[in-house]
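# Structural overview for review
Next come the chains, spelled out residue by residue.
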Amino acid sequence: MYTLPKIERFNQHVLSKYQVYNSVFLTLPFASIDNTGVLLPLFSEVCEKGFKKQETPIQIVDFFSAKYLDNSSEWDRIDLLFRFIQYIERQIVLFDAIEDAAFAVVNNLEGKGSLRDIKENADDKGKLEELKSFLESFKVRPVLTAHPTQFYPGAVLGIITDLTEAIRVDDLVEIKKLLSQLGKTPFIKQQKPTPYDEAVSLTWYLENVFYETSGEILSYIQKNIFANESIQNSIFDLGFWPGGDRDGNPFVTTEITLNVADRLRTSILKCYYRDIRELKRKLTFSKVDVLIADLESKIYRSVFYSVGEIYITLEELQQQLEQIRTLIIEEHQSLYLDELNEFINKVKLFGFHFSSLDIRQNSKIHEQVFAEIFKLPIQGSEIEMLNTIAAIQGKLNPVDFADEMTQATLSSIYAMKKIQERNGELGCNRYIISNCDSALQVIQAFTLIRQCDWSQPTVDIVPLFEVIDDLQNAAKIMEQLYTCAEYAAHLNRRGNLQTVMLGFSDGTKDGGYLMANWSIYKAKEQITTISRKYGIKVIFFDGRGGPPARGGGKTHKFYASLGSAIENQEIQVTVQGQTISSNFGTLDSCRYNLENLLSAGATNQVFTEDHSSLNEDQKLILDELAAVGFEKYSNFKKHPKFIPYLEQMSTLNYYAKTNIGSRPAKRKNSETLNFSELRAIPFVGSWSQLKQNVPGFFGVGTALKHFEDSNQWEKVQHLYDTSLFFKTLLENSMMSLAKSFFPLTAYMKDDPQFGEFWLIIYNEFLETKRLLLKIAGHQELMENYPDGKASIAVRENIVKPLLTVQQYALSRIQQLRQEAKPDEKLIQVYQKLVTRSLFGNTNASRNSA
């Protein structure tokens, strides 16, 4: 029996099931649900027809009210709109659960990009030894962040998990119960979570998904590629930001950092205890039973007895497990060896730290703290200043300083030492400097760390380059660091490894889609060249968000396209908010995406003939494309209506009102909006709520048209046909276009203040769409990803009424404010309507911010 095409599998296992189970909502015993469930499809139809007629959201809602609501007051309409939002939120949860349940069916887990595919490819090409060598050195590091793009509270995430399992086995009785539970469960968090709350929320994914999946993948590799020989490389390292990311978040304290590290250690020990109990039931053999019982007792006491006390070291645990392994092989015919090996691999992967907690702080804070501590001016050439600062001796105590930020910064360094003592070095061994624009800022942080009673710190200092100017200067900055004697000695002690982080989100916000992505690519090449010159192995850590505008999309294809001119011994990438639940929320999706990242590295290093590297002519084309796109985007940002449009016509100001994350929407608490201080998430998310997705395409159409108008189209066409990097870049931009819906805001073209500005955006959208279809040879956007296109279409259709409600509420707020005596109570209710609608749209998009 042949396998159905992917789109047919999607239609059969996702779309059809959604239509069936969605009808179950109507049978639930809730007040007003019958009325809401009947009226919502009618409202959806009115929205669809209204947008085709280019009606405004107010006209659409008014027409619906006049036709279907008898003599309703404004408050009656508002009440119904709130119920529409609640209903749609639950439809989105249902669709999420159905997609998750069908993931293994729709996506071939043994197909292209899987470990099985890598193994068979290596066998066919006689490259098994090369593959082994690659797997002994290559690493994948997903870093979970608490960036506020996930609106589901923990209770709802739990229901999604249970609902997914019930749908997978078609348990209609259980599905109905869970939908009933969903109907009674609040979707709104009454209070903002603390950074510790965020950490606890994300440890669920560590315990229930990454722990199992990573261990299984490593065991598969050991058994099927290494023929049960031991692997020295852990392959997967997990990173963790909640509780350690201080950049712009005043709520991350030293106490919280230490508590999160303790929670991570306790969580992994609980996982070990659970597995040891399972092993104990199987390993009942002579000598082995005593050893496994001893481990169970020590782990149990470490978890459930006195807080912070550990009754067995990691080394002792590993030695005893190896002793058990030897006994099983030599005396018990290797019975249950696979199960034991899998547990040993988990211990190798996760140690006592589970996930490495990164500390991050803004470079401007380091400058402020450094100036507070070392008040004497330092003179000389740049390299002399670096060497002078790096050589400063002394010991700093946080309590000796009155300044709170100085105390907090120094305390965070002492916390790193304490975490390493408790959880091992991997518990907390990276200090990230965001918005880094000079070597001096790195040396300042380096010196502060050494002054905290840590002369030879077991810490990697990671500069984060974000805006375009800093990306373009990054290689020069790294060379200055490599020639600083004290810092070079530090790198030597750290194995001559240097991690460099590159920020896609702020890069795109600063320079536009093409310039940001191309600047990061070039920065990687230049930093690789300069690092190799000084004998340094550079590791790139990509700060990526969910949507293409923040470095998301078909991420694994980017890594497969890098070529040998870019160091690619590790793939390190942030995983944020919705992307955690959508890409790594289930065992199947986590396995699929981890294996795809591993496959991307193998494609680039084992199976490529290095055709992926760009030649000089191709680089010149990309230089020109990026420059034209950058000019278009820069002029757009300079438009006098740019900031007012975001403030008055989008949901930008509403992100701060959502209780979804501990971090403020702006780095500084100022009354006026300073674009440089605006976080990338609310910036990108606001365009997504408008269904305009500007950061994911603006400037792309203008850049391509430049080549079309100058009779050079064949150059970009050939580049698209031959470069996986460029093709992936444009395909991701197509995804941004596919998630746009300009009829929603078409009424703005007639706005006396913002009409012209809206047309600038719309015209660039049309030009980008036309030329992307031309270069891809497509009739429709994403036609080469029919299942992805179909999923987007369903989600966009679900949220269309919700978006209409949002635009209606924003329009009514503007109308009310123009009245002689604005009704503040009514305005506040409409503001709440906007905020509530913001939740559902973000969750439905799965990678909108």
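Look up a bit, the structure's there.
The residue numbers shown here count from 1 along each chain, following its written sequence. Predicted model: local features are reported for residues with pLDDT of at least 70 only, side-chain atom pairs are reported and counted for 80 or more only, and whole-chain, interface and lining totals are derived from all residues. Heavy atoms from the whole structure form the basis of all side-chain values; hydrogens and water molecules are not counted.

## Topic: the overall build of the protein chain
- Think of it this way: any DSSP run of H or I at least four residues long counts as a helix, any run of E at least two long counts as a strand, and we number them from the N terminus. Helix and strand counts for the protein chain stand at 34 helices and nine strands.
- A compact globule built from 849 residues would reach a C-alpha radius of gyration of about 29 Å, and the protein chain, at 28 Å, matches this within 12%.
- Considered along the principal axes of its C-alpha atoms, the protein chain spans approximately 80 × 70 × 60 Å.
- Taken over 849 residues, the protein chain has a buried fraction of 60%. Taken over C-alpha atoms, the radius of gyration is set against a globule rule of 2.2 Å times the number of residues to the power 0.38. Think of it in three bands: residues with accessible area under 20% of the maximum for their type are buried, residues over 50% are exposed, and the middle band is partly exposed, with areas taken using a 1.4 Å probe on protein chains only.

## Structural notes on the sheet that holds strand S4 (residues 359-362)
- Read across the open sheet, the nine strands follow the order S3-S2-S1-S9-S8-S7-S6-S5-S4; overall the sheet is parallel. Among the strands making up the open sheet, the edge pair consists of strand S3 (356-357) and S4.
- When DSSP locates at least two bridges between a pair of strands, those strands are taken to pair. Here strand S1 (residues 139-145) runs beside strand S9 (residues 570-576); their pairing, made up of seven bridges, is parallel. Paired with Val140 across the bridge in S9 is Ile571.
- Whether two residues are in contact is decided by their heavy atoms: any pair within 4.5 Å suffices. For helices, the fitted axis covers only the stretch in contact; all axes are lines through C-alpha atoms, and the angles between them, taken along N-to-C directions, range from 0 to 180 degrees. Across the sheet, helix H22 (residues 513-533) is in contact with strand S7 (497-503) and strand S8 (537-543); its angle to S8 comes to roughly 160°.

## Notes on a nonpolar patch on the surface
- Where nonpolar side chains cluster on the molecular surface, the patch consists of Tyr300, Phe304 and Tyr305 and spans about 310 Å² of accessible area.
- For Tyr300, the position within the fold is in helix H12 (residues 288-304).
- We classify Tyr300 as partly exposed; its relative accessible area is 34%. The patches described consist of residues with a relative accessible area above 30% and no salt bridge, like charges being joined within 9 Å and nonpolar side chains (Val, Leu, Ile, Met, Phe, Trp, Tyr) within 5 Å. Residue-level accessible areas treat just the shown protein chains as cover; the underlying method is Shrake-Rupley with a 1.4 Å probe. Here, a salt bridge means any side-chain nitrogen of Lys or Arg that lies within 4 Å of a carboxyl oxygen of Asp or Glu.

## Examining the environment of Val829
- Looking at the secondary structure, you find Val829 in helix H34 (residues 824-845).
- Taking the C-alpha atoms as reference, Val829 lies 9.5 Å from Ile813; in sequence the two are 16 residues apart.
- With near-sequence residues (within four places) excluded, Val829 lies in contact with Trp75, Ile78 and Phe82.

## Comments concerning the nonpolar core
- Residue types Ala, Val, Leu, Ile, Met, Phe, Trp, Tyr and Cys, when buried and joined through side-chain atoms within 4.5 Å, form a set referred to as a nonpolar core. Core analysis: the biggest nonpolar cluster contains 261 residues, and Ile221, Tyr272, Leu625, Tyr645 and Trp687 have the highest contact counts within it.
- Beyond its immediate stretch of four places on either side in the chain, Tyr645 contacts Ser650, Trp687, Leu690, Gln692, Met748, Phe754, Phe757, Trp758 and Ile761.
- The next biggest cluster of nonpolar side chains, apart from the first, holds seven residues, and it includes Val143, Trp241, Val462 and Phe541.

## So, unusual backbone geometry
- A positive phi angle is found at Phe354, which is not glycine, with a value near 70°.
- Within the element layout of this structure, Phe354 appears in the loop between helix H14 (337-350) and S3.
- A residue is classified by how much of its surface remains accessible, and Phe354, at 1% relative accessible area, is buried.
- A positive phi angle, near 55°, is found at Asn435, a position not held by glycine.
- In this structure, Asn435 sits in the loop between strand S5 (430-434) and helix H18 (439-451).

## Quick word on the pattern of salt bridges
- Evaluation of the coordinates by the stated rule reveals 53 salt bridges.
- Notably, a salt bridge pairs Asp170 with Lys17, separated by 3.2 Å at the nearest N-O pair. With Asp170 in the loop between helix H8 (154-168) and helix H9 (172-184) and Lys17 in helix H1 (residues 6-22), the pair connects residues that are 153 residues apart, well separated along the chain.
- Given a relative accessible area of 19%, Lys17 falls into the buried group.
- Note that Glu129 is salt-bridged to Lys132, the shortest N-O span being 3.7 Å. In this pair, Glu129 and Lys132 both sit in helix H7 (residues 128-135), three residues apart, roughly one turn of the helix.
- One connected set of salt bridges, linked through shared partners, spans Glu212, Arg274, Asp275, Glu342 and Lys346.

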